[in-house]
Structures are given as C-alpha cells and as structure tokens.
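# Tertiary structure, described
Here is what each chain is made of, one letter per residue.
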Protein chains: 2
Amino acid sequence: MMIFRRGLATATNATTMASLKKAGKVVCIGRNYADHIAELNNTRPKQPFFFLKPSSSILPPGEGPVVRPKGVDLHYEVELALILGKRIKDFDGNDDKAALDAIDSYALSIDMTARNVQNEAKKKGLPWDICKGFDTFLPVSNVINKSAIPDPHNIELYLTVNDKVQQQDSTELMLFRIPKILGDISKVMTLNPGDIILTGTPKGVGPVVPGDVMKAGIRIGGKELEEAKIEVQ
Amino acid sequence: MMIFRRGLATATNATTMASLKKAGKVVCIGRNYADHIAELNNTRPKQPFFFLKPSSSILPPGEGPVVRPKGVDLHYEVELALILGKRIKDFDGNDDKAALDAIDSYALSIDMTARNVQNEAKKKGLPWDICKGFDTFLPVSNVINKSAIPDPHNIELYLTVNDKVQQQDSTELMLFRIPKILGDISKVMTLNPGDIILTGTPKGVGPVVPGDVMKAGIRIGGKELEEAKIEVQ
Ligand SMILES: [Mg+2]
Ligand SMILES: [Mg+2]
Ligand SMILES: [Mg+2]
C-alpha cells in the first residue's frame with residue numbers, strides 16, 4: 001500500500017477537483033517520447049495512438065493510497081495532463097493557437113500501469129483497459145492554472161522513488177505535440193469540456209512496491225511549480 | 001451515412017436519456033457468446049475480459065446518423081445494456097439477487113466496431129479504444145424499465161440488416177452471466193450509478209455499408225418489447 005498525500009503548499013480547489021472526478025473521459029497518448037519507446041522495446045508509432053482510463057481510476061490529492069492489485073507489477077508513468085475547456089471535433093492539428101485556446105487548465109498525473117497485465121494483453125491482442133483502469137491508477141496533482149504554464153512544450157517533468165530521480169525530462173521531447181494530439185483524438189472522438197488528456201511519459205518508468213514513496217512535480221526554468229506536486233507514500 | 005431513428009412506439013425519457021449521455025463510463029464485455037467467438041476465430045476467455053467505450057460515442061434515438069469513418073469496415077454487434085443504479089466495488093459474482101438489485105434499468109445497444117482497425121490493433125498489441133470509440137459508435141434504444149425484463153438471461157436479441165435476420169439469439173447463451181460480469185469488472189474498477197455495461201454479442205456480426213437499414217430489438221416469450229426497438233437507415 002502506498003499513501004497518497006496532497007501537495008504541501010497549495011490547497012485543493014474542491015470544485016475543480018470534483019469536476020475532475022466527473023471527467024467525461026480520460027484519453028491517454030501512448031509512446032510519445034522516443035527514449036520511453038526504446039526502454040519498453042516498442043515500435044515508434046507513425047500516428048499518435050491512444051487509450052482510455054475510466055474516471056473511476058482518478059485519485060485526487062489526499063485521497064490515497066494507491067492500491068496495488070494482487071500479483072500486479074505496478075509501474076509509474078509521470079505525465080502532463082490537459083483539462084479541456086472547449087468542445088472540439090475534427091480539430092486542425094496544425095493550429096497551435098486554437099489548441100492552446102481549447103485548454104482550460106493543467107494537472108500533473110501518474111499513469112499507473114499493471115505492466116505484467118499489459119504485456120499479457122499485448123501478446124494476446126486484448127484491450128488495455130484493465131491494465132490501465134484499476135481504481136486509484138490515476139493519481140493527479142491539484143489543478144494548475146493555465147497561466148502558470150506559459151508553454152506546455154517547455155516544462156520539466158520529474159518523478160522520484162524514495163528520493164532517487166527516476167524520470168526527469170522536458171516536454172519538448174514529445175514526439176507528437178499537443179495540437180497534433182488534440183487533432184488526432186478529436187477526429188475519432190469528440191472532446192468535451194472537462195475531458196482530460198494525458199500526453200505521454202518520458203523515459204525512466206519502473207516498478208514501485210508497497211512502502212515506496214513517489215514524488216512527482218513540474219519545474220519551469222528550474223523553478224518548482226508548487227501546485228503540481230504529488231507525493232505518494 | 002446511416003440515419004438512426006427513434007423507436008416507433010415509445011417516447012424518449014429525456015431526463016434518463018440525458019443521464020445516459022453523461023454515463024461515467026461504458027464497460028463492454030468481449031467474447032461472451034460461444035458461437036460469436038468461433039465466427040471471429042477468437043480464443044474462448046477463461047475470465048470475462050472487458051474494454052471501455054467513451055460516452056461521447058453514445059447515439060441516442062433520433063440523433064443519427066451512424067457515421068462510418070473513411071476506410072473503415074463497420075460491423076454491428078447487438079447487445080443487452082445494463083444501466084446501474086448502485087455503486088459497486090469488489091462485488092460477489094455469485095450473488096444473483098444483489099446483481100439484479102444493482103441494475104436500475106436496461107437498454108438495447110449496438111456496439112459498432114471498426115473491424116479492420118480492431119484486427120490491426122490485435123495484431124500489433126495496441127489498445128482497442130479507437131476501433132470501438134468513434135462518435136456515433138454506440139446506438140442505444142430508449143431506456144427500458146427494469147420491470148419490463150423480468151429475467152435478463154432469458155430474452156431474445158435480434159438485429160436485421162435490410163430486413164434480413166443477421167443476429168437472433170437468447171441471452172441464456174451468455175458464457176458469463178450478469179452477476180459474474182459485475183463481479184469481475186468491479187474487482188478492477190468501481191461501478192457507479194449511471195454507468196453502462198454491455199453484456200456481449202451473439203453470433204451473426206457482420207458489415208454494414210451506407211444505405212443499409214439496421215433494425216434491432218428484444219423479444220420476450222416471442223413478444224416484441226416496443227421500447228427496445230432501434231432503427232438505423
Ligand atoms: Mg502513459
Ligand atoms: Mg469514460
Ligand atoms: Mg461487443
């Protein structure tokens with residue numbers, strides 16, 4: 001069992017957090033950082049591909065622990081999350097300005113993954129929804145005001161386990177940038193206000209076991225963003 | 001383009017239908033009828049496996065058409081849908097009475113599937129969420145009062161294309177019955193009131209092309225259930 005604690009410095013915006021839990025859908029991009037693709041021996045996609053996590057998997061700050069299901073090899077994947085403010089459909093993936101306009105706010109998130117269950121699903125050609133969708137498999141930070149992140153393609157994401165840095169990379173390494181991501185998803189499924197998009201994880205994913213402490217956050221120009229902090233014991 | 005028309009005999013319950021569109025999640029069972037498994041050359045699962053459809057894919061009566069994405073081999077799968085009335089977690093799959101108690105109402109549904117996209121995903125070990133999740137890929141009937149279906153394991157589902165019967169089987173052929181389904185899903189993800197469960201499709205799935213007319217419905221003891229009718233042109 002790991003205990004999930006709220007960030008130290010910021011209060012939860014209850015209203016916004018409540019609406020997070022009611023997100024119509026959570027759509028996650030896979031394989032969006034080259035070094036992460038290599039570490040899992042995966043193929044680099046020509047197009048962004050994506051999957052869903054159920055909103056029942058969202059774990060708001062302070063509502064832990066993250067529960068490891070029996071027999072599961074539990075991996076962390078730190079990811080920048082977008083919270084949409086507009087309804088978009090067949091969105092033009094080249095329109096940078098419209099993409100930023102469609103974003104209401106951000107959050108930091110950890111896309112917890114039952115890696116052994118996922119490997120089995122891949123081998124058998126089965127859906128990923130179980131390995132990604134267990135209760136508590138989506139710890140999120142407090143909601144981050146849009147103004148706090150002037151350029152979502154130029155922030156540093158990090159995650160430590162027992163204070164050892166495991167993930168630490170800039171979002172400038174995304175293979176598919178946010179406008180392209182929103183374009184591709186919205187050509188399949190309409191995105192609505194409140195929907196959450198996870199933008200993929202950089203290299204360094206790995207296992208956690210009960211007792212481990214995960215901390216994750218965002219740095220902008222070397223400076224810590226307090227409301228993005230996640231701590232999981 | 002296919003036009004989706006509301007059932008003839010019953011008015012839509014606007015409130016309930018609105019809440020359908022806001023379903024927290026739609027969870028779908030795969031391979032739950034033996035003859036359907038055989039027709040797609042699939043392996044019979046030891047446990048029910050499941051995947052998500054986004055609520056944005058729901059197509060209420062009268063809000064058609066079903067849109068076929070370019071290049072997609074579009075298949076129908078008629079399925080009984082459960083609409084939950086209770087929050088359940090770690091549910092006992094042997095408790096028949098509690099399972100029925102957890103159901104608020106029913107609907108008939110068509111789990112539209114981009115079969116060629118799904119086959120590609122299976123081959124590559126990629127998620128199913130795209131092939132199952134396009135807008136309009138979940139036509140539903142009007143909401144069916146629970147009292148209209150005394151035994152959900154003893155009704156006939158049918159689907160015709162251009163008035164030719166393609167699917168017609170009893171729900172008694174389900175490999176995993178409803179209590180077991182609710183048990184297995186809720187051991188992974190908490191099910192909340194309003195969540196929708198699709199219980200799998202009998203044999204006879206196949207392609208539809210623009211201009212085809214699909215009709216689907218439920219018969220109980222040979223008698224048509226008016227509120228379950230779906231018509232898609
Ligand atoms: Mg991920
Ligand atoms: Mg959902
Ligand atoms: Mg199906």
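Residues numbered from 1 in each chain as written. Chains lettered and ligands numbered in written order. Predicted model: local features only at pLDDT ≥ 70, side-chain atom pairs only at ≥ 80, totals over all residues. Heavy atoms only, no water.

## Brief notes about the interface of chain A and chain B
Tallying the contact residues gives 27 residues for chain A and 27 residues for chain B. Summing both sides of the interface, chain A and chain B together bury roughly 2300 Å²; the carbon and sulfur share of this comes to 62%. Counting across the interface, chain A meets chain B through two salt bridges. Linking Asp135(B) and Lys89(A) is a salt bridge whose minimum nitrogen-to-oxygen distance equals 2.8 Å. Among the secondary structure elements, those contributing two or more residues to the side of chain A that touches chain B are β3 (49-53), α5 (129-133) and α6 (178-188) of chain A. Ranked by residues supplied to the side of chain A that touches chain B, first place goes to β3(A) with five residues. Grouping the constituent residues of the side of chain A that touches chain B by class yields twelve nonpolar, seven polar and eight charged. (Contact = heavy atoms within 4.5 Å. Buried area = accessible area lost by both parts, 1.4 Å probe. Salt bridge = Lys/Arg side-chain N within 4 Å of Asp/Glu carboxyl O. Helix = DSSP H or I, 4+ residues; strand = E, 2+ residues; numbered from the N terminus. Nonpolar A, V, L, I, M, F, W, Y, C, P; charged D, E, K, R; others polar.)

## Topic: the coordination of the magnesium ion (ligand 3)
All names here are of chain B. With distances of 2.0 to 2.2 Å, the protein atoms coordinating the magnesium ion (ligand 3) are Glu77 (OE), Glu79 (OE) and Asp111 (OD). On the primary sequence, the residues serving as donors to the magnesium ion (ligand 3) are separated as E-x1-E-x31-D. A residue pair is termed long-range when its members are at least 10 positions apart, and Glu77 in the loop between β5 (74-76) and β6 (78-84) and Asp111 in the loop between β7 (103-110) and β8 (113-114) qualify at 34 residues. Since its relative accessible area comes to 0%, Asp111 is described here as buried. (Donors = N, O, S within 2.8 Å, 3.2 Å for Na, K, Ca; no water. Buried < 20%, exposed > 50% of the residue type's maximum accessible area, 1.4 Å probe, protein only.)

## Some points on the packing of aromatic side chains
All names here are of chain A. Counted according to the given criterion, the structure contains six aromatic pairs over all chains. Aromatic side chains Phe134 and Phe137 sit 5.1 Å apart centroid to centroid with 45° between the ring planes, which places their arrangement in the tilted category. Residue Phe137 is classed as buried on the basis of its relative accessible area of 0%. Counting every residue linked through ring pairs, the aromatic cluster contains Phe49, Phe51 and Trp128. Sitting over the ring of Tyr158, Arg219 keeps its end group 4.0 Å from the ring centre. (Phe/Tyr/Trp six-rings, centres within 6.5 Å; stacked < 30°, edge-to-face > 60°. Lys NZ or Arg CZ within 6 Å of the ring centre and 35° of its normal.)

## With respect to the sheet that holds β6(B)
Residues and elements named next belong to chain B. Spatially, the six strands line up as an open sheet ordered β3-β2-β13-β6-β7-β10, and their pairing is mixed. Of all the strands in the sheet, the pair left with one neighbour each is β3 (49-53) and β10 (144-145). Summarising the sheet, β7 and β10 pair through two bridges and their orientation is antiparallel. By the bridge assignment for β10, Tyr106 is matched with Ile144. (Pairing = 2+ DSSP bridges.)

## Notes on the pairing of strand β6 (residues 78-84) of chain A
Residue and element names in this part refer to chain A. By the criterion of burial, β6 is predominantly enclosed, with seven of the seven residues buried. Burial of β6 is two-sided: the residues Val78, Leu80, Leu82 and Leu84 facing one way and the residues Glu79, Ala81 and Ile83 facing the other way are all buried. In this structure, β6 lies alongside strand β7 (residues 103-110), joined through seven bridges in antiparallel fashion. Within β7, the residue paired with Leu84 across the bridge is Ile103.

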